Amino acid sequence: MALRFDVITLFPEAFTSVLESSIIGRARREARIEVLLTNLRSFASDKRGTVDDKPFGGGPGMVLMPQPMFRAVEHVKALDPRPAPVVLLTPQGARLTQGAVHRLATQGRRLILVCGHYEGFDERIRTLADLELSIGDYVLTGGELPALVVIDAVTRLLPGALGAEDGTREESFSVAEGLLEYPQYTRPREFRGMAVPEVLLSGDHAAIAKWRAEQAEARTRQRRSDLLEDSQQGLGTRD
């Protein structure tokens, strides 16, 4: 059975090209995943499709109202009998890590992703969420890009999605190792004075594996020492 993503968004058109392309597009065509987009405006109380209003207490921007969002989430839940955690995509959420992606990919066969917009959610909307996620410490216009990040990252971990069962084992942010990926090279052997390390040309698989392990640890220590600290503390990897 395909893993189903339900996305509640104000801008379903923002998803079209990505969902039809590359690994996600192939996974959809092969029925490994299905993605259903629900327009939040369809659950507004007026003909104008109003889903936001000014914040109480004053301040800039507009806030998403609870009524349309509650209706939308309740409607989407009823579309499929499979249990589905509701994931709120918000900069106030927990940082999305490869460990979190792995849990999302293995905990069930359905996810509901809720995209924020404008100045954020009415606080009461948070009661709908089983999980709040952020893809990084920066501000985006809305939750559509984070939703696509979650869909892409989760899809890659599904069996057969990459065309090979072990295709994700040696990628960056390995759940098992907590390390960045080692340096990769392809032809030509030398380019503008930069040569491929001899060990990769040696055919000695044990030596190559040793070199890659050393390079992965050195690169992680240099660029993302926090990953090593998290791994040692049993907290998983960060991205």
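The structure under discussion appears in the preceding block.
The rules behind these values
Residues numbered from 1 in each chain as written. Predicted model: local features only at pLDDT ≥ 70, side-chain atom pairs only at ≥ 80, totals over all residues. Heavy atoms only, no water. Helix = DSSP H or I, 4+ residues; strand = E, 2+ residues; numbered from the N terminus. Buried < 20%, exposed > 50% of the residue type's maximum accessible area, 1.4 Å probe, protein only. Contact = heavy atoms within 4.5 Å. Areas by Shrake-Rupley, 256 points an atom, 1.4 Å probe, with all protein chains shown as cover. Axes fitted to C-alpha atoms, helices over the stretch in contact; angles between N-to-C directions. Parallel < 35°, antiparallel > 145°, perpendicular 65-115°, else oblique. Nonpolar A, V, L, I, M, F, W, Y, C, P; charged D, E, K, R; others polar. Patch = residues over 30% accessible without salt bridge, like charges linked within 9 Å, V, L, I, M, F, W, Y side chains within 5 Å. Salt bridge = Lys/Arg side-chain N within 4 Å of Asp/Glu carboxyl O. Core = buried A, V, L, I, M, F, W, Y, C linked by side-chain atoms within 4.5 Å. Lys, Arg positive; Asp, Glu negative; His and termini not counted. Left-handed = near helix turned anticlockwise from the far one by under 90°. Pairing = 2+ DSSP bridges.

A. Layout of the overall build of the chain. Across its full length, the chain carries seven helices and nine strands. Here the chain holds 239 residues, and 41% of them are scored as buried. Taking all contacts inside the chain whose residues are at least 6 apart in sequence as the whole, residues at least 24 apart take part in 76%. When the accessible area of the chain is evaluated, it comes to approximately 13800 Å², of which 51% is carbon and sulfur surface.

B. Representation of the packing of helix α4 (residues 98–106) against helix α5 (residues 144–156) in the model. In the contact formed by α4 and α5, the axes pass within 9 Å of each other and the chain directions differ by 70°. Put simply, α4 runs roughly perpendicular to α5. Between α4 and α5, the contacting residues are Val101, Leu104 and Ala105 on the first element and Val150, Ala153 and Val154 on the second. By residue class, the composition of the contact of α4 with α5 is six nonpolar, no polar and no charged.

C. Geometry of a nonpolar patch on the surface. On the surface, Tyr138, Leu140 and Leu145 cluster together into a nonpolar patch covering about 300 Å² of accessible area. When you line up the elements, Leu140 lands in the loop between β7 (131–134) and α5. Take Leu140: its relative accessible area is 35%, and that puts it in the partly exposed class.

D. Broad picture of the pattern of salt bridges. Taken as a whole, this structure holds 13 salt bridges when the rule is applied. Arg82 is the partner of Glu34 in a salt bridge, and the nearest nitrogen-oxygen pair spans 3.5 Å. Of this pair, Glu34 sits in strand β2 (residues 33–39) while Arg82 is found in the loop between α3 (66–77) and β5 (86–95), placing the two residues 48 residues apart along the sequence. By relative accessible area, Glu34 is classed as partly exposed at 30%. Glu214 is the partner of Lys210 in a salt bridge, and the nearest nitrogen-oxygen pair spans 2.5 Å. Of this pair, Lys210 and Glu214 are both found in helix α6 (residues 205–223), four residues apart, which corresponds to roughly one turn of the helix. Among the residues examined, Lys210 registers a relative accessible area of 52% and is labelled exposed. Residues joined by salt bridges that share partners form a network here, namely Arg4, Asp6, Glu34, Asp80, Arg82 and Arg110.

E. Region of interest: the nonpolar core. Residues Phe5, Val7, Ile33, Leu89, Leu113 and Val154 are the most contacted members of the largest nonpolar core, which totals 28 residues. Counting residues per element, the ones that place at least two in this core are β1 (3–9), α2 (22–29), β2, β5, α4, β6 (110–115) and α5. When residues of this core are assigned to their parent elements, the largest contribution, six residues, is made by α5. By size, the runner-up hydrophobic cluster in this structure holds 19 residues, among which are Ile8, Leu10, Val114 and Ile125.

F. Region of interest: the side chain of Asp52. You can see Asp52 is positioned in strand β3 (residues 52–53). Of the side chains with opposite charge, Arg41 comes closest to the buried, unpaired Asp52, at an N-O distance of 5.4 Å. When neighbours within four sequence positions are excluded, Asp52 is seen to be in contact with Met62, Val63, Leu64, Met65 and Tyr118.

G. Region of the structure containing α2. Within α2, the full set of buried residues consists of Ile23, Ile24, Gly25 and Ala27. In this structure, the buried side of α2 is in contact with α1 (16–19), β2 and α5. After α2 finishes, the residue Ala31 shows a positive phi value of roughly 60°.

H. Examining the packing of α2 against α5 more closely. Look at α2 against α5: their axes get within 10 Å of each other, and the N-to-C directions meet at 65°. If you check the angle between α2 and α5, you find them roughly perpendicular. Crossing hand, α2 versus α5: left-handed. Contacts between α2 and α5 involve Ile23, Ile24 and Ala27 on the former and, on the latter, Ile151, Asp152, Thr155 and Arg156. Its residues assigned to classes, the contact of α2 with α5 comprises four nonpolar, one polar and two charged.

I. Quick peek at the pairing of β5. Of the pairings in the sheet, the one linking β5 to β6 comprises four bridges and is parallel in character. Bridging across to β6, Val86 finds its partner in Ile112. Two strands pair when backbone bridges link them, and β5 and β7 are joined in this way by five bridges, in the parallel orientation. What sits directly across from Ala94, in β7, is Leu133.

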